[in-house]
Amino acid sequence: LVYAGYFERQIQSRCGMHALNNALGQRNSTVPTMRAACDRYLAMFPSEVRADNEKPSGWYSMNVMVLAVEMISKPLAARHERHYDLRWEPLFRNPGVIHQCVGAVANLRQQHWIALKSVDGQIWRLDSLDPAPTPMKELDYNWFIRANRGADPIFALALITNRRCRRSPTGRLSGAAAYYNHMTE
């Protein structure tokens, strides 16, 4: 099997940025986008520190990932094109949902982000450290989900859904990080 979709290899240890782009299937996140997402998060929560949310190596916290997706989605929603929603919903509770979403991101041991995608029913592991995406059998995918459900102290896996915008956006694309923090305290 050969993966025909979009795939980014890792540069400068920016695994979170590459995982988001790989899950979405296109280059949306950039270093400035991720830095701006971190800046926004730190402005929302002044007691937080940059070192816990953006490491010099390029690793990003879940909160920064949520805001990065919102920043990508906001201009698309304003043009009534689509809205991406990063929901912190663990896939181990409903593994089959991978087949209904744009993609998923997984934070492995608080050290490395990867993406998972389903294309025509075939699940792919898109790890920016690998030379190419790896196909996963359903059994391997289910094992991976169960094995990594506790890899992060909060949720290891998240969904990126894609909704077509039917009406003008409400502007309520922000605040997911605040909600996420509230739900995990």
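Residues numbered from 1 in each chain as written. Predicted model: local features only at pLDDT ≥ 70, side-chain atom pairs only at ≥ 80, totals over all residues. Heavy atoms only, no water.

A closer look at the overall build of the chain
A count of helices and strands for the chain gives five helices and six strands. Reading the chain from its N terminus to its C terminus gives the helix and strand order α-α-α-β-β-β-β-β-α-β-α. Element-wise, carbon and sulfur atoms account for 51% of the exposed surface of the chain, whose accessible area totals about 9500 Å². (Helix = DSSP H or I, 4+ residues; strand = E, 2+ residues; numbered from the N terminus. Areas by Shrake-Rupley, 256 points an atom, 1.4 Å probe, with all protein chains shown as cover.)

Describing the pairing of strand β4 (residues 122-126)
Where a strand is regular, its side chains alternate between the two sheet faces. Taken together, the five bridges between strand β3 (residues 112-119) and β4 define a ladder with antiparallel strand orientation. Of the residues in β4, the one forming a bridge with S118 is I123. Between the antiparallel neighbours β3 and β4 lie two residues, among them D120 with a positive phi of about 50°. Both β4 and strand β5 (residues 134-136) contribute to a ladder of three bridges, which runs antiparallel. Across the sheet, W124 pairs through a bridge with P135, a residue of β5. (Pairing = 2+ DSSP bridges.)

Details of the packing of aromatic side chains
Following the criterion strictly, the structure yields two aromatic pairs and no others. For the ring pair Y41 and F45, a centre distance of 5.0 Å and an interplane angle of 40° mean the geometry is tilted. A relative accessible area of 0% places Y41 in the buried class. (Phe/Tyr/Trp six-rings, centres within 6.5 Å; stacked < 30°, edge-to-face > 60°. Buried < 20%, exposed > 50% of the residue type's maximum accessible area, 1.4 Å probe, protein only.)

Thoughts on the environment of G121
In this structure, G121 sits in the loop between β3 and β4. Residue G121 is classed as partly exposed on the basis of its relative accessible area of 49%. A sequence separation of 17 residues divides G121 from E138, and the C-alpha atoms of the two residues are 9.5 Å apart.

Overview of the side chain of K117
Turning to its location among the elements, K117 is positioned in strand β3. Here K117 sits buried without a salt bridge, and the closest side chain of opposite charge, D120, lies 11 Å off (N-O distance). A polar atom in the side chain of K117 sits 2.8 Å from the backbone oxygen of A23. Beyond its immediate stretch of four places on either side in the chain, K117 contacts Y3, N22, A23, L24, G25, I98, V102, G103, Q122, I123, W124 and L126. (Lys, Arg positive; Asp, Glu negative; His and termini not counted. Salt bridge = Lys/Arg side-chain N within 4 Å of Asp/Glu carboxyl O. Polar contact = N/O pair within 3.5 Å; in protein donor to acceptor, adjacent residues only side chain to side chain. Contact = heavy atoms within 4.5 Å.)

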